[in-house]
Amino acid sequence: MKKLLTFTLMAVLLSGCKYETPPEMVVGKWQIVKITENGHENTAQFVNKYNKFIIFSEDGTYTRGVLDSLSNKSWMLYSEKNELLLLNGSPVQGVKQWKIKASDNQLELTDKHGHFKILLNRIENLPEISIRTEKDLIGKWIVDKVTINGYNNTKEYAFPERWILLSKNGKFYNGGKDNNQNTGYWQLDENLTAINFFNNKETAETFISFYIDDDRIWYEKKDDDRNKPSVRIYFKKEM
C-alpha cells in the first residue's frame, strides 16, 4: 500500500511539471550534424565544414564556424516557452525563431512552421581545419556527378561537357562543347558556404549560387513545383 501511494504521488508530481529549457543547457560548443527541410535532409545546402559549428556564450552572443569574427550575433532563450531566438547568423537564413528541445549532449531546433529541423551535438573543442579561400576556387571546374533525388544519374545527363571557369579577376566563364559561353562575376560568400554569381558588378544581385562541398561545388535546379524531382549538378576542379 505504501509503495502504491509513493508511486501515485510521483505520478502526480511529474504530471504537474512543465518542461523548460534552462540557458545552461544551451551554453557551450555545438556541431550541426543534420538539417532537414520538409522532412528531407538538406544539410549541405546550409552548412559546410567551416561553419557547421556554433558556440553559445554566457553573455548572450554566439559565433558560427571556425572563421566567425563578427560580434553582432546574439541569442535569447525564452525558457518557459522553449523558444530560442538567433539574431544575425541563423543556420537557415531568414529563420530567427526556433522551438528548442535540449539534453546534455544534443539540441533539436524546429522552426515555428515545422519546415526546418536542425540537430546539433555538443563537442569539447573545435577541430583544426585548413581554410578554403577565393584563391583556392580559381580555375576550371567540370561536371563530375549528377543526382536526381539523391540517386546518381550522371550517365543520363545531357550536358556532360559543361564547365565553369572562375577567374582571379572576379569574372566567371561558363560553356561547353558547343562553344556557347556565358560570362559574369562571382564572389565567395562571407560564410564560405557558397559561390554567388551575378551579372552586374555594381549591384551584385545574385542569380544563382553554387554550394561548396569539400572538393566539389554544386547547384540545384530550382522549380516552383515541389513534385518535380530534385536535380543537383556537381563540379570538380580540373587538375
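None of these values were measured; they are calculated from a predicted model. For every chain, the first residue of the written sequence is number 1, and numbering continues from 1 along that sequence. Two thresholds apply to this predicted model, a pLDDT of at least 70 for residue-level local features and 80 or more for giving and counting side-chain atom pairs, whereas whole-chain, interface and lining totals are computed over all residues. Computation of side-chain values: all heavy atoms of the structure, hydrogens and water removed.

Colleague: Give me the overall build of the chain: which residues, what numbers.
Modeller: Within the chain, the regular secondary structure consists of three helices and 18 strands. Residues counted as buried form 37% of the 239 residues belonging to the chain. Throughout, a contact is declared for two residues whenever any of their heavy atoms are within 4.5 Å. For the chain, the proportion of contacts with a sequence separation of at least 24, taken over those separated by at least 6, is 45%. With residues, only the protein chains shown are counted as cover, and all accessible areas are computed by Shrake-Rupley using a 1.4 Å probe. Looking at the chain as shown, the accessible area adds up to about 15,200 Å², and 50% of this sits on carbon and sulfur atoms. Counting from the N terminus, the helices are DSSP H or I runs at least four residues long and the strands are E runs at least two residues long. Accessibility here uses a 1.4 Å probe with only protein chains present; expressed as a share of the type maximum, an area under 20% marks a residue as buried, one over 50% as exposed, and anything in between as partly exposed.

Colleague: I'd like a description of the nonpolar core, backed by residues and values.
Modeller: In this text, buried Ala, Val, Leu, Ile, Met, Phe, Trp, Tyr and Cys residues form a nonpolar core when linked through side-chain atoms within 4.5 Å. Phe 56, Trp 75, Leu 84, Trp 98, Ile 118 and Leu 120 are the most contacted members of the largest nonpolar core, which totals 23 residues. Residue assignment for this core shows that the elements contributing at least two residues are β1 (28-37), β3 (53-56), β5 (74-78), β6 (83-87), β7 (97-102), β8 (106-111) and β9 (116-122). Other than its neighbours up to four places away in sequence, Leu 84 contacts Phe 56, Trp 75, Met 76, Leu 77, Lys 96, Gln 97, Trp 98, Ile 100 and Leu 109. Counting 21 residues, the second largest nonpolar core, distinct from the first, contains Tyr 50, Tyr 157, Trp 186 and Val 231.

Colleague: Help me get a handle on the environment of Gln 106, residues and values and all.
Modeller: By secondary structure assignment, the location of Gln 106 is in strand β8. According to the relative accessible area criterion, Gln 106 is partly exposed, its value standing at 34%. In sequence terms Gln 106 and Met 25 are 81 residues apart; their C-alpha atoms lie 9.1 Å from each other. The contact partners of Gln 106, leaving out residues within four places of it in the chain, are Trp 30, Lys 101, Leu 119, Leu 120 and Asn 121. Only 3.0 Å separates the side chain of Gln 106 from the side chain of Asn 121, close enough to count as a polar contact. Side-chain atoms alone can form a polar contact between residues adjacent in sequence; in general such a contact is a pair of N or O atoms within 3.5 Å, and within protein one must be able to donate a hydrogen while the other accepts it.

Colleague: Give me the side chain of Arg 64: which residues, what numbers.
Modeller: Its location among the elements puts Arg 64 in strand β4 (residues 62-64). Looking at Arg 64, its side chain comes within polar contact range of the main-chain oxygen of Asn 51, at 3.2 Å. A distance of 2.9 Å separates the side chain of Arg 64 from the backbone oxygen of Gly 89, its partner in a polar contact.

Note that all results are geometric; they support no functional claim without further evidence.
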